Amino acid sequence: MFRVKTLWRCARPSAVEGYKLACRTCSSQAGSNKSGRNYATLAAAEPFLSGSSSVYVEEMYNAWQTDPNSVHKSWDAYFRQISQGAPPGTAYVRPPTLASTATLAQGSVAPQSTQLTMTEPVTDKVIEDHLSVQTIIRSYQTRGHNVASLDPLGILDADLDSAIPSELILESYSLGDNTDLNRVFRLPETTYIGGKEQSLPLKEIINRLKTIYCDHIGIEFMFINNREQTDWIKQKFETPGVLEFNDEEKRLMLARVIRSQRFEEFLARKWSSEKRFGLEGCEVLIPSMKTVIDSSSALGVESIVIGMPHRGRLNVLANVCRKPLEKIFCQFDSKLKAEDEGSGDVKYHLGMSVERLNRVTNKQIKIAVVANPSHLEAVNPVVQGKTRAEQFYRGDTDGKKVMSILLHGDAAFSGQGVVYETMHLSDLPAYTTHGTVHIVANNQIGFTTDPRSSRSSPYCTDVARVVNAPIFHVNADDPLAVAYVSKVAAEWRATFAKDVVIDLVSYRRNGHNEIDEPMFTQPLMYKQIAKTPTVLAQFSEKLMASGTVTQEEYEYEVNKYDKICEEAYMLAKKEISVSNKDWLDSPWEGFFDNREAMVLPKTGVEEDVLQHVGTVFSSPPPGDFVIHGGLKRILKSHMQMVNERSVDWALGEALAFGSLLKEGIHVRLSGQDVERGTFSHRHHVLHNQLVDKDTHICLNHLYKGQAPYTVVNSSLSEYGVLGFELGYALTNPNSLILWEAQFGDFSNTAQCVIDQFISSGQAKWVRQNGIVLLLPHGYEGMGPEHSSARLERFLQMSNDDPEHFPKESEDFEIQQLHEINWFVGNLTTPANYFHALRRQIALPFRKPLVLMTPKSLLRLPEARSSFDEMVEGTGFVRMYPEQGLPSENPKAVKKLIFCTGKVYYDLVKEREKLDLVDKIAIARIEQISPFPFDLVKDEMLRYPGARMAWVQEEHKNMGAWFYVEPRMRTVLRKIAATDQANEKMASKKVEYIGRYPSAATATGNKSKHLWEFGEFMKHAMQMN
């Protein structure tokens, strides 16, 4: 009744009160009207003022206010009465019939009118019928997709429900006999089916609605809570004639279908027993993508980033990206070896990047297909991050130049959580890519799983409803319908900068792969598939029947493409090797030129830079910006440190960021609560305590012409956000991209990104990446989910050989950095953190950096560094040897302890407490992987008579123990083999000291935590 109330509020208040009073009047007080009908109340004489008619009444009232002549005379009279204060029940005046009373009295019949005009009395039924027609129109707009003819096989309902919604059944509205079907009804403003006509017979209304909403296109959009957007979609699909194509457009679509299908058939003929995950059954995916690209190019897009699973990837590379076919065919020859680095990947996981001419728009366009593992939807956030980064570096703030296209499978789209995580980034200011076109290759099956067992929602695309993305379901055996939907999707994205989904309802002609037998599990479906002609056969026959193409023209197109494939096949036979770099999805033009690959850079900076950045970072914002009182104390403390030439962890990080920004390096830090820092230590975004959303970022006000600094709190997502930042880091090597976990323990939610992309990306896809993972780690009694970033997992994925001692030379350190797949560290000083971050940019190549970052060390006075450790000439320290009293008298040392991270400070404190400073030497390894074999060797040789131990705060089956122990044995064997005086060291043992093995990372009991700590500290200090 909201809209009715709105209408009544437009009238005089007295009228409103009168209406309420009349509604409460009992039936005995009600009068009778001229028609002889008795009403329970006066207001009941106006039954059209019900909730179900509110939309219609409001539309009439709005139209009347604008132009009284635009509505029927009866409505004009009614609204005039209301505006003059007529009480309810009396405002409605029935219009007189045109037929005279005398004529009617003589037995003649009034003219039969089928339109609500002056010739038809406005009865309650007439009004009710018009309201019913409005409801019917809305019902088709809302539910027409539920009965659309979407399945090319004709055996399944796309929404898994065979029932026809009652609101689409005409009899539900007391309409449907021949008289009603021939009646003409005025069309409401909420539809465009009439074109220039304002009224249509009911039969024609329904026929047009069925053609639009229930044929080969099903449109879900009425859930969108924006009238401008829903009206835009209605106009695109309801306007008469929009689905008409000229002959040239039809021939172009035919040529694209030919290339898509003949490519798959060629591969099937040449490599019948090879897995290739072809597109058979959904060949229109290629024309759909090409139409989206054509339309987007025409609208100004210059670069497109594509993410997709393996099905159809080779076809996309061949017919969308125009990868030379011989390069694709070479991937089927397992005898060809790669001429460059990397282990490579299967052909249907590979990506590429190309810049080519779009022949439809005659514009240059860049297309990148991002490499993806078999984890289907895992690439989604990576694509979005890469797209966002391209937009950032181009200054494309509205996404008009760069866009993303994501391809999905039906089972994965509804089943994998990363889809939801990525969708929810779509409208966040720091993550939006201003709209993505999603295309679902809906095979109506997931491997062997029936859709009725793989999702609870009606459609596989329902996840898109949460971000108000329109969903266009389309029968994949209708190429023209697919082409139109794809064009509209591109225009939607360009117009509203929001996501849109194209659901290609299709089938999979083969099994999950080409050598899989689908009849085991879907016998009825595959019997129907066997009888179903291909989309090319159906479409070509239709076009030949209409005279659009001739048989000869069709055969010419087929033969032309077959010849192209054959020629490429012969070229592929001449190849003697393959190059993994040919499949690089993110090439860095010129980055590796003129770089000295084997020079280890120094990462210190001038003291003036440290002073300037430190001073600005420690100063409150200018003007009347009011900050929190606690922040004033923090800034004062930082300023005092700057004056004393020392830094804590937060200040060291700020100096690293600020010095890089000065050098033109863009820095982006993202993650949960990173603006303030989980442990309230960072405070890179200051908030005005008096003005909402008024913030200040000091690091963006350091130098004129500096690079921008982006620091953003992310959504509560690890998988999606880390994938996004990885994609962002792919785009430009001259940027520092960091992701920080709220606690390191939560990083395992993003394990897929870590395993499949970060640790192995360079080996599989020759794709370097310099992303930094900051993982808070340390045992402070906070329980099993707030103690461990699972250091052991990262070390286990490091690719250095534990039994190989690298060749010792001047290039030892840089050679190790070259050969490892990533760097893993557990740092103990702000200065080393400073250098580790700057080294990411200074190196002549890019590798991921995984850091176990501290919690208690953030404020530990002992864990501070001097400017002397950060100025010019200084650099990253892989291992801090013992530098105290034991180093002055090595022969007196009884025990040599190696450790990493926070436990170092605990050991030092315990050693001093027990007065064992001269007896125990403590070396802390900062960079665990690649392992500092050379430095560990030097430290062992310094204390040849000492017992050796590894101390860690983690449990024995966790932490670094299983990584460092075999490498320490390798060092001992190396010493024994090269130094005869120390040949007995080969049999020396490295003792483990730490917590006992456990299934949980930490105890949740504070007392037990302290007992465990005390036990391994006692063990570490024992001399026997």
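Preceding block: the structure.
Below, the structure is looked at part by part. Being a predicted model, the structure only gives us computed values, none of them experimental.

**Focus: the side chain of E792**
Then comes step 1: Within the secondary structure layout, E792 lies in helix 28 (residues 791-796).
Then comes step 2: The buried category is assigned to E792, whose relative accessible area is 14%.
Then comes step 3: Polar contacts involving the side chain of E792 include one to the main-chain amide nitrogen of G959, which spans 2.9 Å.
Then comes step 4: Not counting chain neighbours up to four residues away, the residues in contact with E792 comprise M958 and G959.

**Re a nonpolar patch on the surface**
Then comes step 1: Nonpolar side chains collect at one region of the surface, where V626, L690 and V691 lie side by side and expose about 270 Å² of accessible area between them.
Then comes step 2: Here V691 is to be found in the loop between strand 15 (686-687) and strand 16 (695-696).

**Thoughts on the packing of aromatic side chains**
Then comes step 1: Tallied over the full model, the rule gives 31 aromatic pairs.
Then comes step 2: Both rings, one in W232 and one in F496, keep their centres 5.6 Å apart while their planes meet at 85°; by these two values the pair is edge-to-face. With W232 in helix 9 (residues 227-238) and F496 in helix 18 (residues 479-496), this residue pair connects regions lying 264 residues apart in the sequence. One exposure class covers both W232 and F496, and it is buried.

**Points about the nonpolar core**
Then comes step 1: F329 and F898 are the most contacted members of the largest nonpolar core, which totals 176 residues.
Then comes step 2: With sequence-adjacent residues up to four places away left out, F898 is seen in contact with M879, A923, I925, V936, E939, M940, M948, A949, W950, V951 and M968.
Then comes step 3: Residues M641, Y833, L851 and L858 belong to the second largest nonpolar core, which totals 55 residues.

**A word on the sheet that holds strand 24 (residues 895-899)**
Then comes step 1: The sheet built from 5 strands is open, its strands ordered 23-25-24-27-28 with mixed pairing. Looking at which strands have only one partner, the edges of the open sheet turn out to be strand 23 (879-880) and strand 28 (990-995).
Then comes step 2: Here 5 bridges tie strand 27 (residues 947-955) to strand 28, and the two strands are oriented parallel to one another. Bridge pairing links V951 to I993 in strand 28.
Then comes step 3: Along the sheet face, helix 32 (residues 903-913) touches strand 24, strand 25 (920-925) and strand 27 and points at about 170° away from the line of strand 25.
Then comes step 4: On the sheet, helix 35 (residues 1006-1021) packs against strand 24, strand 25, strand 27 and strand 28 and is oriented at approximately 160° with respect to strand 28.

**Examining the packing of helix 10 (residues 247-270) against helix 11 (residues 285-298)**
Then comes step 1: Between helix 10 and helix 11, the least distance of the axes is 9 Å, while the angle of their chain directions is 130°. If you check the angle between helix 10 and helix 11, you find them oblique. At the point where helix 10 passes helix 11, the crossing takes the right-handed sense. Across from M253, R256, V257 and S260 in helix 10, the residues of helix 11 making contact are I286, P287, K290, T291 and D294.
Then comes step 2: For the contact of helix 10 with helix 11, the per-class residue count stands at 4 nonpolar, 2 polar and 3 charged.

**Comments concerning helix 35**
Then comes step 1: Compared with an ideal rise of 1.5 Å per residue, which puts 16 residues at 22 Å, helix 35 spans 23 Å between its outermost C-alpha atoms and is within 8% of the ideal.
Then comes step 2: Residues of helix 35 that are buried: H1009, E1012, F1016, M1017, A1020 and M1021. The arc enclosing the buried residues of helix 35, seen along the axis, measures out at 160°, which places them on a common side. Facing away from the buried side of helix 35 by more than 90 degrees, the exposed set consists of S1007 and W1011.
Then comes step 3: Buried residues belonging to helix 35 abut strand 24, helix 32, strand 25, strand 27 and strand 28.

**Regarding the sheet that holds strand 17 (residues 709-713)**
Then comes step 1: In space, the 7 strands of this open sheet follow the order 17-14-18-19-21-20-26, with mixed pairing throughout. On the outer flanks of this sheet lie strand 17 and strand 26 (927-929), each paired with one strand and no other. Taking each pair of neighbouring strands and ignoring which way they run, the sheet shows an average axis angle of 20°.
Then comes step 2: One ladder, built from 2 bridges, connects strand 20 (residues 823-825) with strand 26; its direction is antiparallel. Directly across from G825, in strand 26, lies its bridge partner Q927.

**Details of the side chain of S659**
Then comes step 1: By the element assignment, S659 lies in helix 24 (residues 649-662).
Then comes step 2: Here the side chain of S659 touches A656 through a polar contact of 2.9 Å, landing on its backbone oxygen.
Then comes step 3: For S659, the residues in contact, after removing those within four places along its chain, are V605, V609, V613, F834 and R838.

**Let's talk about the environment of R208**
Then comes step 1: Position of R208 relative to the elements: it lies in helix 8 (residues 202-213).
Then comes step 2: Once the C-alpha coordinates of R208 and W271 are considered, the two residues, 63 residues apart in sequence, prove to be 48 Å apart.
Then comes step 3: Aside from chain neighbours lying at most four places away, what touches R208 is I193, G194, E197, L200 and P240.
Then comes step 4: At 2.7 Å, the side chain of R208 and the side chain of E204 are in polar contact.

**Some thoughts on unusual backbone geometry**
Then comes step 1: Cis geometry marks the peptide bond from S929 to P930; its omega dihedral reads 0°.
Then comes step 2: Phi is positive for R645, close to 60°, though the residue is something other than glycine.
Then comes step 3: Relative to the helices and strands, R645 resides in the loop between helix 23 (629-643) and strand 13 (646-647).
Then comes step 4: Overall, the relative accessible area of 24% leaves R645 in the partly exposed class.

**Overview of the packing of helix 10 against helix 18**
Then comes step 1: Running from N to C, helix 10 and helix 18 point in directions that differ by 105°, and their axes come no closer than 10 Å. Taken together, the axis directions place helix 10 and helix 18 in an arrangement best described as roughly perpendicular. Residues K250, M253 and V257 of helix 10 form the contact with helix 18, whose participating residues are P479, L480 and A483.
Then comes step 2: Of the residues contributing to the contact of helix 10 with helix 18, the split by class is 5 nonpolar, no polar and 1 charged.

**Comments concerning the pattern of salt bridges**
Then comes step 1: A full pass over the atoms with the stated rule returns 44 salt bridges.
Then comes step 2: In this structure, E197 engages R208 in a salt bridge whose closest nitrogen and oxygen atoms are separated by 3.4 Å. With E197 in the loop between strand 1 (184-186) and strand 2 (199-201) and R208 in helix 8, this pair connects stretches of sequence that are 11 residues apart.
Then comes step 3: A salt bridge links D450 to R452, with the nearest nitrogen and oxygen atoms 2.9 Å apart.

Rules and cut-offs
- Residues numbered from 1 in each chain as written.
- Predicted model: local features only at pLDDT ≥ 70, side-chain atom pairs only at ≥ 80, totals over all residues.
- Heavy atoms only, no water.
- Helix = DSSP H or I, 4+ residues; strand = E, 2+ residues; numbered from the N terminus.
- Buried < 20%, exposed > 50% of the residue type's maximum accessible area, 1.4 Å probe, protein only.
- Polar contact = N/O pair within 3.5 Å; in protein donor to acceptor, adjacent residues only side chain to side chain.
- Contact = heavy atoms within 4.5 Å.
- Patch = residues over 30% accessible without salt bridge, like charges linked within 9 Å, V, L, I, M, F, W, Y side chains within 5 Å.
- Areas by Shrake-Rupley, 256 points an atom, 1.4 Å probe, with all protein chains shown as cover.
- Salt bridge = Lys/Arg side-chain N within 4 Å of Asp/Glu carboxyl O.
- Phe/Tyr/Trp six-rings, centres within 6.5 Å; stacked < 30°, edge-to-face > 60°.
- Core = buried A, V, L, I, M, F, W, Y, C linked by side-chain atoms within 4.5 Å.
- Pairing = 2+ DSSP bridges.
- Axes fitted to C-alpha atoms, helices over the stretch in contact; angles between N-to-C directions.
- Parallel < 35°, antiparallel > 145°, perpendicular 65-115°, else oblique.
- Left-handed = near helix turned anticlockwise from the far one by under 90°.
- Nonpolar A, V, L, I, M, F, W, Y, C, P; charged D, E, K, R; others polar.
- Expected span 1.5 Å × (residues − 1).
- Arc of directions from axis to C-beta.

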